Each structure stands twice: as C-alpha cells, then as structure tokens.
Amino acid sequence: MSETLTSLSVSEIVTSFLMLAGAFLILAGAIGVARFGDFFSRVHAAGVPSTVGVATVLAASAVYLSAHMDQVFWKPLLAIVGLFLTVPLGTEMLARAAYITNVKPAETYARDDAEDRHAVEHKEAVE
Amino acid sequence: MWHQLPIHMLLTLGWMALWGSQAWWHEAAGAIVGGAILYALTKGTGQPFYLKRVAALVKFAFVFLGELVMAARFVVRISMAPRPRHQPGVVALPLRLKTDASITALTHLLSLTPGAVPIDISPDRTEIYIHCLDLNELEAVRASKERFEELLLEVTQ
C-alpha cells in the first residue's frame, strides 16, 4: 500500500487532488439542486459548481497531459476561459427570465427591493 | 494607454538587438530598461503608465480566485447542511459603474460570488438587483460587490 503511494509522482498527486476536489464540488452542487425548494435557490446551486468544479477537473487534465507530453498543454485552459465566459451569463439570464416571468419562490421573500422599485413594470409587460 | 505595450516591446527588442542575443536574461533586462524609459516618458507627458493597469489586472485575478474558493465553500456548506435554513431575498445595491462592458463584467463576477446572482439593472443604471441565497450573508455579498466594483473602476478608467 505504502509502495503504491510513494511511487506517485508530484504531477499525479496534483492531478488526483484537483480531480477529487472538482468531482466533490460537482457532487455538492448536484445535491443542492436536488434538495433546494425553488428555482432561484437551484440556480445558485447549479451555477458555481458547474463552473468552478468543471474548471478544476479541466485543470487536472491540463496538469496530467503537460507532465506526460513534456510540454505545456494549453487546450484545457482555453476550455476554462470559454466556461467562465458562458456559464455565468446563462445563470444570470435564467434567473432574470424567471424573475420577470414571475416564477414563484418557495416562500415569500423577507426582502424584495426589485418588487417595489422596478420589476413591476417588466411583470406587467409580460402578462 | 495600451499603445504603450508595442512601444515597450520595441524597446525590449532594440535592447536585445544591441546585445545581439536572444537569451532570456537579455530579454528581461531589456524589459526592465524599456519599462524605465517608458515610465520616464509617461512622467514627462503626464499620461498614465500602462504597467499600473497591468498590475491592477493581476491583483484582480488574485481577488477573483480567492472569491471562487469562497463561493465553492459556500455552496458545499449550504447544500450539505442537515437542515437548510437559508432565507432568500432580492436586494438593490447602488451601482457606480457607467459603461456597458464594465457592468457586464461586474454581473459576470457577481454570479460567481457566494450566494449572489444578479437579476436585473434598474433602467437609469443606478442600482443592480441581486438575488441573495441567504439574506443573513448580505454584508458579505455587499463587500464583494464593492471590492469588484473598486477593481473594475481601477481597470477601466
């Protein structure tokens, strides 16, 4: 057992750590999506892990491939940039569309500034 | 502002050509000498020095990474909690940024901060509406919004 542990190289340890961390994050996000009561909370649970978790797994693949090809392997980093540009936008647009089309939260908000000040006109426009 | 970058590269190349070498230490020395010359010139003409902007960008990247780690921890904590007792709500926060690009950047960054998803901008662009997963963490959301806004103001103006 200790033999297999000591035969791991540094790059393999880093790769394993990143893979496990990313997978754990995605799992946590999935549990959150399954457990939370309403749409807006689910958007919170889906947005962050699907960027940070997937980016971590991609970083693991970059480390692994760089170590095994004896050159820096940039392509996963390109994918990470694409991920960070697109997923937050999707999150925002989903939340905005849901709010404007009056998707109901599980319980009424303790505080809702947009209701008073602005989004009312949007909601009327939709109906 | 950004036209200083090709000038810096030209100065570096000039230094390397004078030494007749492509070694990395000559490149580094050329970059330092070129930067010093550029800095002196910007002092003389009163233009802002572009490397300050670059330094702001690097600082920005580190703050962003820290914020991502916090966001990941927050999601794990709240979705694994035995009895989720969060109290969602929508808050309006003041918006100081003016340009389209910087507001877009701010909303992108905010949707990656713990417990906050921006929903909308008020028509006169003075407020940003944010859905908070937990109103008890409102101060943290406000603090990270202020920090990002500060950094974006530094980078874009």
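Before reading on, note that the structure itself is shown above.
Residues numbered from 1 in each chain as written. Chains lettered and ligands numbered in written order. Predicted model: local features only at pLDDT ≥ 70, side-chain atom pairs only at ≥ 80, totals over all residues. Heavy atoms only, no water.

When helices and strands are tallied, chain B shows five helices and three strands. In sequence order, chain B lays out its α and β elements as α-α-α-β-α-β-β-α. Relative to the globule expectation of 15 Å for 157 residues, the C-alpha radius of gyration of chain B, 22 Å, shows a markedly less compact shape. When the backbone C-alpha atoms are referred to their principal axes, chain B occupies close to 70 × 40 × 20 Å. By the burial criterion, 48% of the 157 residues in chain B qualify as buried. (Helix = DSSP H or I, 4+ residues; strand = E, 2+ residues; numbered from the N terminus. Rg over C-alpha atoms; globule rule 2.2 N^0.38 Å. Buried < 20%, exposed > 50% of the residue type's maximum accessible area, 1.4 Å probe, protein only.)

On to the overall build of chain A. For chain A, the helix and strand inventory stands at six helices and zero strands. Sequence-ordered secondary structure for chain A, helices as α and strands as β, is α-α-α-α-α-α. Here chain A holds 127 residues, and the buried ones make up 35% of them. Within the structure as shown, chain A displays about 7500 Å² of accessible surface, and the carbon and sulfur contribution to it stands at 69%. (Areas by Shrake-Rupley, 256 points an atom, 1.4 Å probe, with all protein chains shown as cover.)

In the structure shown here, the tally under the stated rule is six aromatic pairs over all chains. When the ring of phenylalanine 60 of chain B is compared with that of phenylalanine 148 of chain B, the centres are 6.5 Å apart and the planes differ by 55°; the resulting orientation is tilted. Of this pair, phenylalanine 60 of chain B sits in helix H3 (residues 50-80) while phenylalanine 148 of chain B sits in helix H5 (residues 138-156); the two residues are 88 residues apart in sequence, bridging distant segments of the chain. Judged by its relative accessible area of 1%, phenylalanine 148 of chain B falls in the buried class. Ring-pair connections join several aromatic residues into one group, and the members of that group are Phe39, Phe40 and Tyr99 of chain A. (Phe/Tyr/Trp six-rings, centres within 6.5 Å; stacked < 30°, edge-to-face > 60°.)

In this complex, chain B contributes 40 residues to the contact, which on the side of chain A involves 36 residues. Here chain B packs against chain A, burying approximately 3100 Å² in sum over the two surfaces, 69% of which is carbon and sulfur. The three residues of chain B that bury the most area against chain A are Val90, His108 and Ile119 of chain B, which together make up 18% of that side's buried surface. Inspection of the region where chain B meets chain A yields one salt bridge. Put simply, aspartate 120 of chain B and arginine 96 of chain A hold a salt bridge, and the shortest N to O gap is 3.1 Å. For the pair chain B and chain A, the interface holds four residue pairs in polar contact (both at pLDDT 80 or more). Those elements that provide at least two residues to the side of chain B that touches chain A are H3, strand E1 (89-94), helix H4 (100-111), strand E2 (116-121) and strand E3 (127-132) of chain B. Sort the elements by how many residues they give to the side of chain B that touches chain A and H3 of chain B lands first, with nine residues. For the side of chain B that touches chain A, the class distribution of residues is 27 nonpolar, ten polar and three charged. (Contact = heavy atoms within 4.5 Å. Buried area = accessible area lost by both parts, 1.4 Å probe. Salt bridge = Lys/Arg side-chain N within 4 Å of Asp/Glu carboxyl O. Polar contact = N/O pair within 3.5 Å; in protein donor to acceptor, adjacent residues only side chain to side chain. Nonpolar A, V, L, I, M, F, W, Y, C, P; charged D, E, K, R; others polar.)

What follows is about the environment of tryptophan 15 of chain B. Residues and elements named next belong to chain B. Mapped onto the fold, tryptophan 15 is located in helix H1 (residues 4-19). Taking the C-alpha atoms as reference points, tryptophan 15 and leucine 41, 26 residues apart in sequence, are found 17 Å from one another. Residues within four places of tryptophan 15 in sequence aside, it is in contact with His26, Ala29, Gly30 and Val33.

Now for the pairing of E3 of chain B. Residues and elements named next belong to chain B. Within E3, six of the six residues are buried, which leaves the element mostly enclosed by the surrounding structure. Side-chain alternation along E3 places Glu127, Tyr129 and His131 on one buried face and Ile128, Ile130 and Cys132 on a second face that is also buried. Two elements, E1 and E3, share six bridges in a ladder whose sense is antiparallel. Bridge pairing links proline 94 to glutamate 127 in E3. The sheet contact formed by E2 and E3 spans five bridges and is antiparallel. When the sheet's bridge partners are listed, alanine 116 is paired in E3 with cysteine 132. Taking the residues between adjacent antiparallel strands as the criterion, E2 and E3 are bridged by five residues, where arginine 125 takes a positive phi near 60°. (Pairing = 2+ DSSP bridges.)

Over its 31 residues, helix H3 (residues 39-69) of chain A runs 44 Å from end to end, which matches the ideal 45 Å to within 8%, given 1.5 Å per residue. Positive backbone phi, approximately 55°, marks aspartate 70 of chain A, located one or two places after H3 of chain A. (Expected span 1.5 Å × (residues − 1).)

A few words on the sheet that holds E3 of chain B. All names here are of chain B. Within the open sheet, the three strands sit side by side as E1-E3-E2. Their pairing is antiparallel. In this open sheet, the two edge strands, each paired with only one partner strand, are E1 and E2. Here the strands of the sheet are splayed against their neighbours by 30° on average, with no regard to which way each runs. Helix-sheet contacts for H4 involve E2 and E3, and the interaxial angle to E2 is about 150°. (Axes fitted to C-alpha atoms, helices over the stretch in contact; angles between N-to-C directions.)

Note that all results are geometric; they support no functional claim without further evidence.
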